[in-house]
Amino acid sequence: RSGIGHACISAAGVGTTNVLGEHATVHYGQTVTLAVELQIRHACSNLVLSYHVKDKNNQHVQGYHTADHERLFDRDWQPGQQVQVTFRLPIYLNHGNYSLTLLVSSMEDTAQYTDAVFFDWVEDVASMRVMPRDQFPLSDLLEIENDIEIHTLADQKAGQIAGHSG
């Protein structure tokens, strides 16, 4: 755990039902709830709460933040105040174990993070096990649904795409 402590993560839980805990078992495509309670210890503003999902190699594979949410960001916070933030995140991860890291910071530059001050950073605050899918994926990559068009080309229209040709 690290950070200067102006705001701290006082509780966190993850789950797929109304019962949240330190561990959740989830299925591909399921929505997970991540609830976080923050305790304000010193006057602060421009709070941003972020989560990172990390794989077994400690690589960040998914994440999000509250920088666009004025109820947390555009507000002056005073010592003793508490706030709960709930993320509902869709899980499109492959089978395996994942950990969740939480961090709360203050920053005005949410585009480049040039002025971020980290109040609390907690590694491995919770974990998730994603179960194997019924249908095996074509790759280990994240397979996000795409809008796909397929056209049969007449001979005279073929070869109009610039780039690699085989």
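Attention here is on the structure that accompanies the text. Computed from a prediction, not measured in an experiment: that's the story for all the values here.

Now for the pattern of salt bridges. What the rule picks out here adds up to three salt bridges. In this structure, Arg1 and Asp120 form a salt bridge, with 2.6 Å as the shortest nitrogen-oxygen distance. Remark: Asp120 occurs in strand β10 (residues 117-130) and Arg1 occurs in the segment before β1 (7-15); sequence separation between them is 119 residues. Judged by its relative accessible area of 67%, Arg1 falls in the exposed class. As a salt-bridge pair, Glu123 and Lys54 come within 2.3 Å of each other at their nearest N and O atoms. Remark: Lys54 occurs in strand β5 (residues 47-54) and Glu123 occurs in strand β10; sequence separation between them is 69 residues. Given the relative accessible area of 38%, Glu123 is considered partly exposed. By sharing partners, the salt bridges in this structure join Lys54, Glu123 and Asp124 into a single network.

As a further point, take the nonpolar core. Leu34 and Met128 are the most contacted members of the largest nonpolar core, which has 32 residues in total. Mapped by element, the contributors of at least two residues to this core are β1, β2 (23-26), β3 (31-40), β5, β8 (82-90), β9 (96-106) and β10. In this structure Met128 touches Val14, His23, Ala24, Val32, Val53, Ile91, Leu93, Gly96, Asn97, Tyr98 and Leu100, once residues within four positions along its chain are discounted.

Both β5 and strand β6 (residues 60-65) contribute to a ladder of five bridges, which runs antiparallel. The residue of β6 that forms the bridge with Ser50 is His65. Hairpin connection of β5 to β6: five residues between the antiparallel strands, including Asn58 at a positive phi of 65 degrees.

Quick notes on the rules
- Sequence positions are assigned chain by chain, starting from 1 and proceeding in written order.
- Restriction of local features to residues with pLDDT of at least 70 applies here, the model being predicted, together with a cutoff of 80 or more for giving and counting side-chain atom pairs; totals for whole chains, interfaces and linings are based on all residues.
- Hydrogens are left out, water is left out, and the side-chain values use all remaining heavy atoms of the structure.
- A pair is scored as a salt bridge if a Lys or Arg side-chain nitrogen falls within 4 Å of a carboxyl oxygen belonging to Asp or Glu.
- We count a stretch as a helix when DSSP gives it H or I for four or more residues in a row; a strand needs E for two or more, and each element gets its number in order from the N terminus.
- Classification of residues uses two cut-offs on accessible area relative to the type maximum, computed with a 1.4 Å probe and protein chains only: under 20% is buried, over 50% is exposed, and between them is partly exposed.
- Within this scheme, the nonpolar core is defined by two criteria: the residues are buried Ala, Val, Leu, Ile, Met, Phe, Trp, Tyr or Cys, and they are joined through side-chain atoms within 4.5 Å.
- It only takes one pair of heavy atoms within 4.5 Å for two residues to be counted as in contact.
- The pairing criterion for strands is at least two bridges between them, as found by DSSP.

None of this, on its own, says anything about what the molecule does.
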